[in-house]
Structures are given as C-alpha cells and as structure tokens.
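Architecture and fold: a report
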Amino acid sequence: MTKPGDGPAPHRGVAWPEGGVLHQLPADLDPLTDLGRPGEYPYTRGVHETMYRGRLWTMRQYAGFGTAAETNRRYHYLLAEGTTGLSVAFDLPTQMGYDSDAPMASGEVGRVGVAIDSLADMRTLFDGVDLGAVSCSMTINATAALLLALYVAVADEQGVARSALRGTVQNDVLKEYVARGTYIYPVEPSLRLVGDLMAFCASELPQWNTISISGYHIREAGATAPQEVAFTLANGLEYVERARNRGIDLEAFAPRLSFFFAAHNNLLEEVAKFRAARRMWARLLKDRYGASDRACRLRFHTQTGGSTLTAQQPLNNVVRVALQALASVLGGTQSLHTNGYDEALSLPTLESARLALRTQQIIAAESGVTEAVDPLAGSFLVEALTDQIEQEARSYLARIDELGGAAKATDLMQDEIHQAAYAYQLSVEAGHVPVVGVNVYQEEEEEVPAPGPDYAALEAAQKDALSRFKAKRDPDLLQAHGEALRAAAQGSTNLLPLLVDAVRAGLTLGEISDVFREVWGTHDSPA
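Structural notes, computed from the coordinates. Every chain is numbered on its own, with residues counted from 1 as its sequence reads. For this predicted model, a pLDDT threshold of at least 70 governs which residues receive local features, and a threshold of 80 or more governs which side-chain atom pairs are given and counted, while totals over whole chains, interfaces and linings are taken from all residues. Only hydrogens and water are set aside; all other atoms, that is, all heavy atoms of the structure, feed into the side-chain values.

Put simply, DSSP H or I for four residues or longer makes a helix, DSSP E for two residues or longer makes a strand, and each gets a number counted from the N terminus. Each helix and strand counted, the chain has 18 helices and 9 strands in total. Relative to its length of 527 residues, the chain is compact, with a C-alpha radius of gyration of 23 Å against a globular reference of 24 Å. The 527 residues of the chain split such that 54% are buried. By definition in these notes, contact holds between two residues if any of their heavy atoms fall within 4.5 Å. For the chain, restricting intrachain contacts to residue pairs at least 6 apart in sequence, the fraction spanning at least 24 positions comes to 78%. Only C-alpha atoms enter the radius of gyration, while the globule expectation follows 2.2 Å times N to the 0.38, with N the number of residues. In this scheme, a residue with accessible area under 20% of its type's maximum is buried, one over 50% is exposed, and one in between is partly exposed, where area comes from a 1.4 Å probe on protein chains only.

Time to look at helix 4 (residues 144–158). The span expected for a helix works out to 1.5 Å for each residue beyond the first. An ideal rise of 1.5 Å per residue puts 21 Å on 15 residues; helix 4 measures up with 21 Å between its terminal C-alpha atoms. Residues of helix 4 that are buried: Ala144, Ala145, Leu146, Leu147, Leu148, Ala149, Leu150, Tyr151, Val152, Ala153, Val154 and Ala155. Positive phi appears at glycine 159, one or two residues downstream of helix 4, with a value of about 80°.

Bringing the pattern of salt bridges into the picture now. Opposite charge on two side chains permits them to pair, given that their charged atoms come into close proximity. We define a salt bridge as a side-chain nitrogen of Lys or Arg found within 4 Å of a carboxyl oxygen belonging to Asp or Glu. This model, assessed by the stated rule, comprises 34 salt bridges. We note a salt bridge from aspartate 196 to arginine 246, for which the minimum N-O separation is 2.7 Å. Taken together, the residues span a long stretch of sequence, with aspartate 196 in helix 6 (residues 187–204) and arginine 246 in the loop between helix 8 (225–245) and helix 9 (250–253) at a distance of 50 residues. Two residues, glutamate 390 and arginine 279, come together in a salt bridge whose shortest N-O distance is 2.7 Å. Residue glutamate 390 is found in helix 13 (residues 380–402), and its partner arginine 279 is found in helix 10 (residues 267–289); the two are separated by 111 residues along the sequence. Here the two residues glutamate 390 and arginine 279 agree in accessibility, since each one is buried. In the salt-bridge network here, residues are joined through shared partners; they are Asp156, Arg162, Glu204, Asp501 and Arg504.

Moving on: empty space enclosed by the protein. Both site types are read off a 1 Å grid over the protein atoms alone. A 1.4 Å probe that fits but cannot get out defines a cavity, while an open set with protein on both sides within 12 Å along at least five of seven lines defines a pocket; lining residues have an atom within 4 Å of a point. Grid points are joined across faces, edges and corners, and a volume is the space filled by probe spheres set on the points. On inspection of all chains with the given rule, the structure shows 5 cavities of 30 Å³ or more. Considered as a void within the structure, the largest cavity measures approximately 80 Å³ in volume. Along the wall of the largest cavity there are 13 residues; nearest its centre are Val329, Leu330, Gly332, Asp374 and Pro375. Its residues assigned to classes, the lining of the largest cavity comprises 8 nonpolar, 2 polar and 3 charged. Three classes are used, and their members are as follows: Ala, Val, Leu, Ile, Met, Phe, Trp, Tyr, Cys and Pro are nonpolar, Asp, Glu, Lys and Arg are charged, and the others, Gly among them, are polar.

Right, let's talk about the packing of aromatic side chains for a bit. For Phe, Tyr and Trp, where Trp contributes only its six-membered ring, two rings pair if their centres lie within 6.5 Å, and the inter-plane angle classes them as stacked under 30 degrees, edge-to-face over 60, or tilted in between. This model, assessed by the stated rule, comprises 16 aromatic pairs. For the pair phenylalanine 231 and tyrosine 396, a centre-to-centre distance of 5.3 Å together with 75° between the ring planes defines the contact as edge-to-face. Taken together, the residues phenylalanine 231 in helix 8 and tyrosine 396 in helix 13 connect sequence positions 165 residues apart. Judged by its relative accessible area of 0%, phenylalanine 231 falls in the buried class. Between phenylalanine 516 and tryptophan 520 the ring centres are 4.7 Å apart and the planes differ by 25°, which places this aromatic pair in the stacked class. With phenylalanine 516 and tryptophan 520 both in helix 18 (residues 509–520) and 4 residues apart, this pair spans about one turn of that helix. One aromatic cluster in this structure is built from Phe259, Phe261, Phe274, Trp281 and Phe300.

The following block contains the structure:
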C-alpha cells in the first residue's frame, strides 16, 4: 500500500487553478520577522524549520480491547493500514494497580482498555511487533513505572537494545489529582515514582520520552483553552523542579519531555492555543533556568476531543474529528490520534478506526496544508488569540506560583476546572452554545446499536489465564523480590531496575502495587 513517505520525495508545491493569484504555494511567509522563524526560539511557529515539508507527524491510533490478544490483532491491523505509532489504552484495574482477579476489579476488566496483569500479558500484547522499529505511547500514570518495566522486559526478550526503544509513557500523575482521578498513592511517593522513571530513562532509554505532560484530561474535564495551557505547563514546571532536585541535568532530560493536548472544535482558538503553549514553555525554561534553545522546545501529541463527541447523530462526529485534526496540524503537532466517530457509544469498531486514520491521511495527502510551515502565521486573529491565551495562562501560573507550585495548587486547579465545566454546561443547556444534534438541528433518534464484547466472558478468561500464570511461579523468588521492593520503597533507591527484575521473576502488577500501598498508603481525595 502506498502511503506518504514511500518512494521519491514528492513535489512540495501546489499548482493553483488557471487564473489564480499564485501558481505555487510559498514554503513560508516572509518576512514576519517579529514572529521569528519556524525551528527557532521561542518556537511559536513550530519546533522544526521545515515542519511537515520535511516529515509528517506520527499518526497514532489509541487502542486497547479487553485482552492482550485482541488488542494485538488491532495493532497488526493498524500497522498494516499505515499507522506509524502505537498507543496503548489500559483498563481501569491496570491503571489503579489491581490484578484482574482482585475484588476491586470485578466488572471492570477490559472495559475501557486492555488488561495487563503480568509479563505474559505484555508479551502477548506485542507479539510479532518489533519494538525496535515502532514507537509506542502508553497512557498510564499511577502504575507507569510498572508498565514501563514490563515493556523493557519484553524488549530485552526480543533482543532490542534499550537505547533503540522509542516512545512515551504518560507518567503525569499530577493531572490525576487535578482532573482525572486514577491516582493510588499520596502525592509525594507518586512524584518519587515519576522521578525514578525519569532518572532510569536518562541512563537506560535515551530515546524514550519519560513523561507526557497532559493537558488533554484537564481539557476533557471542562477546562478552557487558557486553563489547559496554564495548568499543563505548571505541572511541567513541577516535574522540572523535581528532576533538578534529584541532580538530573536539565539539558539531559528537558529535550525528552513531551506534552499532550486536546483538540476541540473552535478551529482558530485551538491553533492559537498550540502556538501559545509552545512559545510560553520556551520562555519559561529560558527565563527561569537559562535553558538552551534545544531544551526549550515543546513537542506535543494531540488527541481529538473525546468530550466533544455526541451520542446523538454520531456520524456528525466524523466532521468534528476532521476539524480537530486539522487544527492540530495547523498548530504544529508532532503526533496525532483521531477518535472514532462511535466512541460516544462504545469502543471504536474497525470501520470507525479505519476512517479515523484515513482522516489524518487525507489531511496529509490531499489538503495542501502541509505545503507551508505555520500556514496561518500573520493572521491578525490567530496572532491576537495566541497573545490572549498566553496572557491568560500566565495569570493562572502566577497564582499557582504564589501557592508554591503545582503540587500544592491541585485544589485551585480543580476548582477552576469545575467552575469552567459548570458554566459551559449551563450555556449548552440554555442554547447559548450550539451543539449540532443536541440542542440545535435535532432529530428523533433511532436507537444506535453499540456492539461490544462479552465482558463477563472476557473477565473470566483473563482471570483464568492469570491463575495459570501464578501457578507456575517460584514462591521463594517472588518473596525475595517483594522484600527487595519493600525495602527500596522505604528508602531512596531507584525502583525501576528492581521493578524490571521483579516482573521477570513473575510478580504481577497488582502484587507490586500492593507492596507500595503497604509502604506508602493511598491518597484520599478531599470530600
């Protein structure tokens, strides 16, 4: 199958219709000297000089379907269809540190992603996938260190050098306390795990993005565009401080930081948001830490907005996803996931996943927007919006700084998001914000079937496989590794090497998480 990037380099200009003003689209707009150049600090116009004229963004598709075997089949399908990066969705028990046979996991196994209990599951998940040839993004936070340990163990088994592994682990636990809620431990030990992972990757996985600082879930919880920028960058600064306090060189880890933003429906506001975030991050690192230009680059992944999808008239979501994907590209994203139109109803079908991927491919191959770098640069509205979003985000950041940083400002951020979400919902219900098919252009809806797996059977099969896995283990080896983890958790030893050894020995995700729960306790959200 031919796809962008195959064969000789294509002609990068676009012939305009006969009689048009221009006959070839310029590579860049000149002079725009006050905005700077693409690939130059403060990177308002993009982190690379040529942007998509040189290389397209990575086309990721997020997938996790009950069992590792089912998810593996979807990965092979997506790779064959032209996906250039994998993105793993985990089920809720995996995110919360419970094995599939735990009482707390009952009824939730495999429902919102793939269940990963053990090294055997991770082997199955990537069976037939060369981890040295594909980049992999894992949306995981409280248990991020455990999932990375499992991934590294599988790569070691494949004979892939750790230095060749490329990908991202979200590992952004602060936004869990602010917006999403899948935290396990209190804030400080959670941040210790974040730091351990960053330090491990700095020495062992030089091409791995050690953290994906996530504004996506903040926006999905109801934040405005300026709040998404402000709270995401505030969390990023907290991680920078934690890494520096551990003695990790800023110039070593800052270039491996990545960010993760949502794309919603207001096309020009979203473009401006991405530009403002890039410029603001560059200025913050330069002004606060004297970082090099290279360390100041904000690289980001985008996912189209899940909360914008409607169960009413679900085919309308095809248009929403296309608009959001276009905003992401016009804003200069480095990778992109497009949602399936049916995700307000169920896990995406093969048909909707294919169409979501084709949406990206059509933008890349047919829209022409990749022919110019930062094609909206100089637009009065886009530049004014970029300035406005940065100004509002800086006001929020000043309030967070006054409280002592993001780790101490989670209540502030949570309150601001709640107020914004409530105000938006009231506006929708009053009809001030139109949502096609919901409060305008409504139709009498036919019931849309929401196909899905037999979750009860899936859970039973997963528990059976886990039982068989546990029966084959060496009890003495398990005890030794469990005690080593307990001792390290009570001290300051980096836990990642011990985690890799522990999962190799057969300890499960839930058993390891229970060790940490015993040592650190759990976080209770304020009432």
